[in-house]
Amino acid sequence: MKKIRLGILVEEETLPWYKFKPLKSLVDEGKVEVCIAVQRDKKQASHMSRLSKVIPSINQKLFSFLSRNKSNTKRYSIHDLVANGEMPIVISVVNQDEIYDEIEDSVIEKLEAANLDYLVKFGFRTLAGRILSVSKKGILLFRYGDETKQRHGSALYWQFAEQWENSVVTLHLLNEHLNGDKVVGRGYGSLFYWDYNLTEHKLNGVTASILYWYFHKNKIGVKNGNLTNLMLDDAIYEEPQQLIALRHLMSFFKNYTIKTFYKSLYHNNWSILIGSIDQSMQTYTELLPEKGCFWADPFYIKRDSRRYIFFESLNYKEGIGRIEWVELDEHHQVINSGPVDLGIRSHLSFPNVFEHENAVYMIPEAANTNCINLLKATDFPQKWEKVHELVSGVQAADSAVIEHNGLWYLFTTHGSISVLTMDLELHIYTSDKLESDNWTIHPSAPLKIDVRGSRLAGALFKRDGQLFRTAQDGTIRYGRRVALYLVEELTPTSYKETFVRYIEPNWENDIDRLHTYNVYDQTVVLDVSRDKLRFTV
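The model shown is predicted, which means the values in this text are computed figures rather than measured ones.

(A) Looking closely at the overall build of the chain. When its secondary structure is counted, the chain shows six helices and 35 strands. At 25 Å, the chain has a C-alpha radius of gyration in line with the 24 Å of a compact globule built from 537 residues. In terms of its C-alpha atoms, the chain occupies a principal-axis envelope of roughly 80 × 55 × 40 Å. Counting contacts in the chain only where the partners sit at least 6 residues apart, residues at least 24 apart contribute 60% of the total. Taken as two groups, the 63 positive and 68 negative side-chain charges of the chain have centres that lie 3 Å from each other.

(B) Spatial organisation of the sheet that holds strand 23 (residues 371–379). Pairing in this open sheet of four strands is antiparallel, and the strands run 21-22-23-24 from one edge to the other. Since the sheet does not close on itself, it has two edges, and those belong to strand 21 (349–356) and strand 24 (383–392), each with one partner. Each adjacent strand pair in this sheet contributes to an overall mean axis angle of 25 degrees, direction not counted. In this sheet, strand 23 lies alongside strand 22 (residues 359–365) in antiparallel orientation, the contact comprising two bridges. Bridging from a neighbouring strand, Met-362 pairs with Leu-375 of strand 23.

(C) Summary view of the environment of Thr-430. On the secondary structure map, Thr-430 appears in strand 27 (residues 425–431). The exposure class of Thr-430 is buried, given its relative accessible area of 11%. Sequence separation of Thr-430 and Tyr-478 is 48 residues, and the distance between their C-alpha atoms is 29 Å. Non-local contacts of Thr-430, meaning those with residues more than four positions away in its chain, are made with Trp-408, Tyr-409, Asn-438, Trp-439, Thr-440, His-442 and Pro-492.

(D) Representation of helix 5 (residues 196–214) in the model. With 19 residues, helix 5 should reach 27 Å at 1.5 Å per residue; the first-to-last C-alpha distance of 27 Å fits that figure. Judged by how many residues are buried, helix 5 sits mostly within the fold: 18 of 19 residues are covered. Put simply, Asp-195 is the residue that caps the front of helix 5, since its side-chain oxygen is 3.4 Å from the backbone nitrogen of Asn-197.

(E) Main features of the pairing of strand 27. The buried count for strand 27 comes to seven of seven residues, which makes it a mostly enclosed element. The alternating pattern of strand 27 places Glu-425, His-427, Tyr-429 and Ser-431 on one face and Leu-426, Ile-428 and Thr-430 on the opposite face, and all of these are buried. Bridging between strand 26 (residues 407–414) and strand 27 involves six bridges; their strand directions are antiparallel. Bridge pairing in strand 27 links Phe-411 to Ile-428. Inspection of the sheet shows strand 27 paired to strand 29 (residues 448–449) by two bridges, in the antiparallel sense.

(F) Quick peek at a nonpolar patch on the surface. A cluster of nonpolar residues, Leu-243, Leu-246 and Met-250, forms a patch on the protein surface that exposes about 320 Å² of accessible area. For Leu-243, the position within the fold is in helix 6 (residues 242–265). Accessibility expressed as a relative area gives 52% for Leu-243, which makes it exposed.

(G) Expanded view of the confidence of the model for the chain. When pLDDT is averaged along the chain, the result is 91; 93% of the residues meet or exceed 70. Predicted confidence is poor over residues 47–52, with pLDDT under 50, and the contacts of this stretch with residues over four places away or in other chains come to nine contacts. Note that pLDDT drops below 50 for residues 227–237; the model gives that stretch 37 contacts with residues more than four away or on any other chain.

(H) The sheet that holds strand 35 (residues 523–533), seen in detail. Ordered in space as 16-15-35-34, the four strands form an open sheet in which the pairing is antiparallel. With one partner strand each, in any of the chains shown, strand 16 (285–287) and strand 34 (511–520) form the two edges of the open sheet. Strand-to-strand twist of the sheet, defined as the mean angle between neighbouring strand axes without regard to direction, takes the value 30 degrees. When strand 15 (residues 266–276) meets strand 16, the two strands line up antiparallel, connected through three bridges. In the strand pairing of strand 16, Ile-274 is matched with Thr-285. Running at roughly 70 degrees to strand 15, helix 6 makes contact with strand 15 and strand 35 of the sheet.

Each value, and the rule that gives it
Residues numbered from 1 in each chain as written. Predicted model: local features only at pLDDT ≥ 70, side-chain atom pairs only at ≥ 80, totals over all residues. Heavy atoms only, no water. Helix = DSSP H or I, 4+ residues; strand = E, 2+ residues; numbered from the N terminus. Rg over C-alpha atoms; globule rule 2.2 N^0.38 Å. Contact = heavy atoms within 4.5 Å. Lys, Arg positive; Asp, Glu negative; His and termini not counted. Charge placed at Lys NZ, Arg CZ, Asp CG, Glu CD. Pairing = 2+ DSSP bridges. Axes fitted to C-alpha atoms, helices over the stretch in contact; angles between N-to-C directions. Buried < 20%, exposed > 50% of the residue type's maximum accessible area, 1.4 Å probe, protein only. Expected span 1.5 Å × (residues − 1). Polar contact = N/O pair within 3.5 Å; in protein donor to acceptor, adjacent residues only side chain to side chain. Patch = residues over 30% accessible without salt bridge, like charges linked within 9 Å, V, L, I, M, F, W, Y side chains within 5 Å. Areas by Shrake-Rupley, 256 points an atom, 1.4 Å probe, with all protein chains shown as cover. Salt bridge = Lys/Arg side-chain N within 4 Å of Asp/Glu carboxyl O. pLDDT = per-residue confidence, 0-100.

Have a look at this one:
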């Protein structure tokens, strides 16, 4: 296979992990070779004026300092991207105006001699001139936030300071034939309003995965590719003015103080509801957890005319999830309960339980085991044993299988380059039988990288001859609501789904979260969360 030839534009001889690791993985796989690097002369400044960045820079440092997670400042040498450990580097003294960087002809000639397929822009400002035609397919670059604007400041500053619902990153292709940038990849990450560093880590994970999968011919999050006209003379440029930046800082301190105080007093207390799919959720029967824990991720099953719910039970003090079960009578009252022995010693959740050929199986989330396990009941409902390892080498969140048109499909989320996208990358695996070690990844995977609707909120289900998928919308807060999708096409080579509606946790004033919604024939089980004072739960 012919390798894709890359050149990279950098500010220094090192790269942060989220730019280095996807390239290193592609190099190790024999997919690409990095042939040359262009580095800006260190004497040139590539940033906005000192005055215009003072307060935004202070803001960013404070955001980072007050985060619970540490900032990841580790960098990797670009020389490790080539086999002999010596990356050819060309120093560029660019021609600059107020907006554009134009790379000099002597550097252009060296790039042309390298016979590149792509340039990947990890540094420099907006490019102009001959550089746009130096590679066969164009220049790849990332934009953060609103893709129709170029905003000065860090990649995350505007999204965090203005408290967007989610963080956004897009991969753009630029060349002389395009009247603007063509969007060739898009992903949506989580925004944690109280933790800038964690938000940045997640966004960087999205960036790394988009770049990696682009070279596997997967334009994630893009149907046809949009033109955003970023290279036109009337392109919009914004930088945080001092007054706006001060407002950002005051707003952050206010929200940070409120959030810190609130979290010290309250727990998210999850409980389970059960009812009929045609019944108002306000009339569902609620199953309350025991004191000191919450119950979430419910899955319902009928076995020998008896009704069971399997779920995650998490003790607040221990912080480790376990799988438990309850048996219900016909009025949805608990008549029996107990723990589940899966033979797995790690955090457990999302017990996808189902019947097949008169046996009962379960696929629990056990991310710390680095695999997706299939278990079978040996003494239902208490005792289970592992029968197959469906997918190995992944830390997966919330997996579920469905048999469709004679084949089995496994839906799950896991990262490609980093565990940071474990809950954001939607993957499908296929097999001709359930108990198989030979599950193959779907050619369309990952289907999306999106906090708004990748991670499963339950098993796929059929109703009135149609197939549906539920997903968690984690914008604004974890477990915000459930997104319902209609699966229009599911084959070993294709997948298509259409958003139907949101299922909102809005039928009671104190319910503010919902992240599991499971349908079994006419029965629905779901979970909701209420914020309760710590000493009461």
